[in-house]
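# Fold and geometry: a report
Read off the chains here:
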Amino acid sequence: MEENRNNPVEQSTAPYPAYQPYTQGGGYMRRTASVPENERRALKQNYRTVFTEALIHTIGSLVLANIIFVMMMLFGYEFRVNDENTQIMDIPYAIAGAVPSIAFCLGIFIFDKSSSKKKLSEYFRTDDITMGRVFAFFGMVMLFYSVSVILQQIVISGCFAAGFSPIKEEYLSEEDLSVPYLVCDIILTAILAPICEELLFRGVILRRLSSVSQRFAIFASALIFGMMHGNLVQMILGFCVGLVFGYAAVKTGSLLLPIAGHIFINTFAVSCSILTFLTDDETSNTYWLCVLGVFFVIGTVTLAILLARRGIELPRSTEYHRKRTLPVMITCVSFWVTLAVYIIDIVSKFGPVTEKLME
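The notes below deal with the structure included here. All figures in this text were calculated on a predicted structure; none of them were measured in a lab.

### Considering the overall build of the protein
Looking only at helices and strands, the protein features twelve helices and two strands. For the protein, whose C-alpha radius of gyration is 22 Å, the value lies close to the compact-globule estimate of 21 Å for 359 residues. Projected onto its principal axes, the C-alpha coordinates of the protein cover approximately 70 × 50 × 40 Å. Every one of the 359 residues in the protein was classed for burial, and the buried ones make up 45%. A total of about 17,900 Å² of accessible surface is found on the protein, and carbon and sulfur atoms cover 65% of it.

Below you can see the structure in the form of structure tokens.
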């Protein structure tokens, strides 16, 4: 592929390239910490694209979901609640809530891929995926997932102690458990959502940010992924597992492991619903706690082995990279708009502590 030497942001066939900016006149520029004006403009354009795409996903999904809900009501759909006035999530409700995000993730990925002129096969390379990396990856997914649950409980307890809940009671829902609903849940939650979300957050956002700094991209894309979930509790989980997904994507140059890990986590969540349907809440909660304990043990052993073998190595981050990340990014209006939308969305979910939330 011909290199564009008029663009300081590297044009590479590698999905997650290390930063190698070009001078406007051709050839590689010297490795200095200062950021020339032409390079700064290209970096800002890259950041504007990242945050505009993230914003389109969030706002577009919300608007489309509400349009679908309105259309459903016009055609006679009635929202149902249980005896405790909790929203019952049935098949139409689940589809209307999940499909908009899935559609925007897929649409943004297709648009970004076509504009970058990259082949689809470049996102699904297998040459750097070994069995050792597969085992290490899933071990770290288990560890970070279990740690995120512990952090969630700490945050929830802290919020309750401060006199508010990170999620309003009105946002609670109860699944309308049945065989058709569970089949729908498997398709949407365990298959389509993980694939499409990884296409956007690791295939687009991580890839674009990696063209500036791979280490920064791992942390920034994980934070964006976490905040996208729209509430403080899920943000913690999204950020923690997003770190593992981003690291795996950068190290392997592929979306295969992040997609597999995302499917693994969401399938575990769906399995809890299936067990509740087959047995009862108490059995399902016991299963969840036991599996969580197994995850923590396996993950801790995996981490110990990786540290002993020095198997974890973050990408380089020097003053050269640091001057091209946050200092440039915060000069973009799209960054502040996206950040404000995410914060407003999360804070709007805060509410009073009620007896139902304390259960």
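### Thoughts on the packing of aromatic side chains
Counted according to the given criterion, the structure contains 17 aromatic pairs. Note on Phe 79 and Tyr 93: the rings are 6.0 Å apart at their centroids and 85° apart in plane angle, and the pair reads as edge-to-face. Of this pair, Phe 79 sits in the loop between helix 1 (37–74) and strand 1 (87–89) while Tyr 93 sits in helix 2 (residues 91–116); the two residues are 14 residues apart in sequence, bridging distant segments of the chain. Ring geometry for Phe 264 and Phe 295: centres 5.5 Å apart, planes at 40°, overall tilted. Placement of Phe 264 in helix 7 (residues 256–278) and of Phe 295 in helix 8 (residues 281–308) is noted, with a sequence separation of 31 residues between them. On the basis of relative accessibility, which here comes to 25%, the residue Phe 264 falls in the partly exposed class.

### Some remarks on the pattern of salt bridges
According to the stated counting rule, one finds ten salt bridges in the structure shown. The partner of Asp 112 in a salt bridge is Arg 207, and the shortest N-O contact between them spans 2.3 Å. With Asp 112 in helix 2 and Arg 207 in helix 4 (residues 179–210), the pair connects residues that are 95 residues apart, well separated along the chain. Assessed through its relative accessible area of 1%, Asp 112 is described here as buried. Looking at Arg 207, the relative accessible area reads 8%, which means it is buried. Between Arg 125 and Asp 127 there is a salt bridge, with its nearest N and O atoms 3.0 Å apart. Linked by salt bridges that have partners in common, Arg 80, Asp 90 and Asp 176 make up one network.

### Details of the environment of Ser 334
Take Ser 334: it is sitting in helix 11 (residues 333–347). A relative accessible area of 13% means that Ser 334 is categorised as buried. It is 8.7 Å that separates the C-alpha atoms of Ser 334 and Val 50, two residues lying 284 residues apart in sequence. Ignoring any residue separated from it by four or fewer positions in sequence, one finds Ser 334 in contact with Tyr 47, Arg 48, Phe 51 and Thr 52.

### Considerations on a nonpolar patch on the surface
Taken together, the side chains of Ile 59, Val 63, Ile 67, Val 70, Met 71, Met 73, Leu 74, Phe 75 and Phe 79 present a nonpolar region at the surface, about 890 Å² in accessible area. With respect to the element layout, Val 63 can be found in helix 1. Here Val 63 falls in the partly exposed class, since its relative accessible area comes to 45%.

### Some details on the environment of Val 35
You can see Val 35 is positioned in the segment before helix 1. Judged by relative accessible area, Val 35 falls into the buried class, the value being 16%. Each C-alpha atom, one on Val 35 and one on Tyr 320, is 8.6 Å from the other, the two residues being 285 residues apart in sequence. The residues contacting Val 35, other than those within four sequence positions of it, are Arg 40, Leu 43, Lys 323 and Arg 324.

### Some remarks on a negative patch on the surface
Residues Asp 83, Glu 84, Glu 174, Asp 280, Asp 281 and Glu 282 make up a contiguous surface patch of negative charge. One can find Asp 83 in the loop between helix 1 and strand 1. When its relative accessible area of 85% is taken as the criterion, Asp 83 is described as exposed.

### Looking at the side chain of Asn 46
Looking at the element boundaries, Asn 46 is found in helix 1. Here the side chain of Asn 46 touches Arg 208 through a polar contact of 2.9 Å, landing on its backbone oxygen.

### Description of the packing of helix 5 (residues 214–228) against helix 11
Helix 11 packs onto helix 5 with a crossing angle of 40° between their chain directions and a minimal axis gap of 9 Å. Overall, the two elements helix 5 and helix 11 adopt an arrangement that is oblique. Relative to helix 11, the crossing made by helix 5 is left-handed. Facing Ile 224, Met 227 and Met 228 of helix 5, the residues of helix 11 in contact are Leu 339, Tyr 342, Ile 343 and Ile 346. Within the contact of helix 5 with helix 11, the residues separate by chemical class into seven nonpolar, no polar and no charged.

### Let's talk about the nonpolar core
Core analysis: the biggest nonpolar cluster contains 68 residues, and Tyr 47, Phe 137, Tyr 145, Phe 201, Ile 205, Leu 209 and Ile 224 have the highest contact counts within it. In terms of residue count, helix 4 provides more of this core than any other element does, eleven residues in total. Setting aside residues up to four positions removed in sequence, Leu 209 forms contacts with Tyr 47, Val 50, Ala 217, Ala 220 and Ser 221. Counting residues in each nonpolar core, the second largest holds five residues, with Ala 65, Phe 69, Met 72 and Tyr 77 among its members.

The rules we used
Counting starts from 1 at the beginning of each chain's written sequence and moves along it residue by residue. Predicted model: local features are reported for residues with pLDDT of at least 70 only, side-chain atom pairs are reported and counted for 80 or more only, and whole-chain, interface and lining totals are derived from all residues. Side-chain calculation: all heavy atoms of the structure are included, whereas hydrogens and water are not. Helix numbers and strand numbers start at the N terminus; a helix is a DSSP run of H or I with at least 4 residues, a strand a run of E with at least 2. Just to be clear, the radius of gyration here is over C-alpha atoms, and the globule rule we use is 2.2 Å times residues to the power 0.38. Only protein chains enter the accessibility calculation, which uses a 1.4 Å probe. A residue is then buried if its area is under 20% of the maximum for its type, exposed if over 50%, and partly exposed in between. Methods summary: accessible areas were calculated by the Shrake-Rupley approach with a probe of 1.4 Å, and residue burial reflects only the protein chains presented. For Phe, Tyr and Trp, rings pair up if their centres lie within 6.5 Å, where Trp contributes its six-membered ring, and each pair is then called stacked (planes under 30 degrees apart), edge-to-face (over 60) or tilted (otherwise). The term salt bridge refers to a pairing of a side-chain nitrogen on Lys or Arg with a carboxyl oxygen on Asp or Glu at a separation within 4 Å. For this analysis, residues touch if any pair of their heavy atoms sits within 4.5 Å. In this analysis, a patch consists of residues with relative accessible area above 30% that form no salt bridge, clustered at 9 Å for like charges and at 5 Å for the nonpolar side chains Val, Leu, Ile, Met, Phe, Trp and Tyr. A residue counts as positive if it is Lys or Arg and as negative if it is Asp or Glu; His and the chain ends are not included. Charge positions come from single atoms, namely NZ of Lys, CZ of Arg, CG of Asp or CD of Glu. Here a polar contact is recorded for every N or O atom pair within 3.5 Å, except that within protein the pair must consist of a potential hydrogen donor and a potential acceptor, and residues adjacent in sequence are included only if both atoms are side-chain atoms. Axis geometry follows a simple rule: fit a line to the C-alpha atoms, using only the stretch in contact for helices, then measure angles between N-to-C directions, giving values from 0 to 180 degrees. Here roughly perpendicular refers to angles of 65 to 115 degrees, roughly parallel to angles under 35, roughly antiparallel to angles over 145, and oblique to all remaining angles. Helix crossings are classified by the rotation of the near helix relative to the far one: an anticlockwise turn of less than a right angle makes the crossing left-handed, while a clockwise turn makes it right-handed. We call Asp, Glu, Lys and Arg charged. Ala, Val, Leu, Ile, Met, Phe, Trp, Tyr, Cys and Pro are nonpolar, and the rest, Gly among them, are polar. Take the buried residues of types Ala, Val, Leu, Ile, Met, Phe, Trp, Tyr and Cys, join any two whose side-chain atoms come within 4.5 Å, and each joined set is a nonpolar core.

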